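Topology and contacts: notes
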Amino acid sequence: MNAKPGSKAAAPQPNAAAKLHAPLARLLRPLVRLCIRSGMTFPALAQLLRELFVNVAEHDFALEGKEQTDSRVSLLTGIHRKEVARLRGAGAPVHEAPAAVSLTSAVIARWLAAPEFTDAKGEPLALPRTAEDDAPSFEQLVASVTKDVRPRAVLDEWIDRKLVTINEKDEIELVEAAFVPSGEDDGKWHYLGRNLHDHIAAAAQNVSEGPRFLERAVHYNNISPKLARRLEARSRELAMDALKTANREANRALAKDKGGDARWNFGIYIYSEESDEEGEGGKKGAGS
């Protein structure tokens, strides 16, 4: 399902803006921390928000059969009409994944899902560089995803990025159970935007009228740091099992899919900290 609320959405709930203030402040706090840590100043962020407000109002809240005007965009956003006229048509930030990120994700997803590249437990096999008689190999793995890039080029890049290692049998082993960009890898910024966008979009849809997405969490407050670390480790195991299962089923389904313009994203997050937020006292557990 590809949900995108727009002009056909229900009218805003009474006092919705006031109710949004507190959760929005909490949501934005880690993003503001990231902005400051990354060197993005408030004026730069304000300009980005101004452009986004105009772009979203222009495209997502246009009335059917009517031309979207500067005056209506100004009314919806609170931005001066002259500024709206200047910003309209400027476009929005690009959402496409960098080519290298997209290819790496696709190849690793197949390595983790396709039965010919996994063992009986569903773990990725150590692969020889090449093999005869259609036996599984790294060359075959890359070729099953793309014919446009040489497997050797992919291998050299992955070794440099420490995504794979070469064992004593000269076989290629996947280091990461899932592709998690790190260090100076530009891919991490793509995943930051994509995953947070989809999580927030699902949550936003769930407080509006319309189909509900699954967006839940299990949380316990006022527990010891030792228990928090143990629960985090165990939840990582459960999360990876769920992601691997979903990836295998999606990979199998792709073989019979006719294709289209929809997309699907199944994500899991884990977070813990030693200090609790105010108002969340008591050793309680809940799912929400």
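Figured I'd write up the structure that's included with this text. (Residues numbered from 1 in each chain as written. Predicted model: local features only at pLDDT ≥ 70, side-chain atom pairs only at ≥ 80, totals over all residues. Heavy atoms only, no water.)

What to know about the packing of aromatic side chains
Tallied over the entire structure, the rule returns four aromatic pairs. Look at Trp111 and Phe138: their rings are 6.1 Å apart centre to centre, the planes differ by 70°, and that puts the pair in the edge-to-face class. On the criterion of sequence distance, the pair formed by Trp111 in helix α5 (residues 99-113) and Phe138 in helix α6 (residues 138-143) is long-range, its members being 27 residues apart. Arranged with centres 5.7 Å apart and planes meeting at 80°, the rings of Phe138 and Trp158 form a pair that is edge-to-face. In this pair, Phe138 is assigned in helix α6 and Trp158 in helix α7 (residues 151-160), connecting sequence segments 20 residues apart. By relative accessible area, which is 0% here, Trp158 ends up buried. One aromatic cluster is present, formed by Trp111, Phe138 and Trp158 through successive ring pairs. (Phe/Tyr/Trp six-rings, centres within 6.5 Å; stacked < 30°, edge-to-face > 60°. Helix = DSSP H or I, 4+ residues; strand = E, 2+ residues; numbered from the N terminus. Buried < 20%, exposed > 50% of the residue type's maximum accessible area, 1.4 Å probe, protein only.)

As for the side chain of Asn167
Its location among the elements puts Asn167 in the loop between β2 (164-166) and β3 (171-174). At 2.9 Å, the side chain of Asn167 and the backbone nitrogen of Lys169 are in polar contact. When near neighbours in sequence (up to four residues on either side) are disregarded, Asn167 contacts Ala126 and Glu173. (Polar contact = N/O pair within 3.5 Å; in protein donor to acceptor, adjacent residues only side chain to side chain. Contact = heavy atoms within 4.5 Å.)

What about the packing of helix α2 (residues 42-60) against helix α3 (residues 70-77)?
Two elements in contact, α2 and α3, have axes whose closest approach is 9 Å; the angle formed by their N-to-C orientations is 120°. Between α2 and α3, the angle is such that the two are oblique. In terms of crossing hand, the pair formed by α2 and α3 is right-handed. Along the contact surface, α2 presents Phe53, Val54, Ala57 and Glu58, while α3 presents Val73, Leu76 and Thr77. Its residues assigned to classes, the contact of α2 with α3 shows five nonpolar, one polar and one charged. (Axes fitted to C-alpha atoms, helices over the stretch in contact; angles between N-to-C directions. Parallel < 35°, antiparallel > 145°, perpendicular 65-115°, else oblique. Left-handed = near helix turned anticlockwise from the far one by under 90°. Nonpolar A, V, L, I, M, F, W, Y, C, P; charged D, E, K, R; others polar.)

Examining the side chain of Thr118
Mapping Thr118 onto the fold places it in the loop between α5 and β1 (127-128). Given a relative accessible area of 10%, Thr118 falls into the buried group. A distance of 3.2 Å separates a polar side-chain atom of Thr118 from the backbone oxygen of Ala114. Excluding residues that lie within four positions of it along the chain, Thr118 makes contacts with Trp111, Leu112, Ala113, Glu123, Pro124 and Leu125.

Brief notes about α7
One turn of an α-helix holds 3.6 residues; hence residues three or four places apart share an orientation. Turning to α7, its buried residues are Pro151, Val154, Leu155 and Trp158. One face of α7 carries all of its buried residues, which in axial projection span an arc of 100°. One or two positions beyond α7, positive phi appears at Lys162, with a value near 60°. (Arc of directions from axis to C-beta.)

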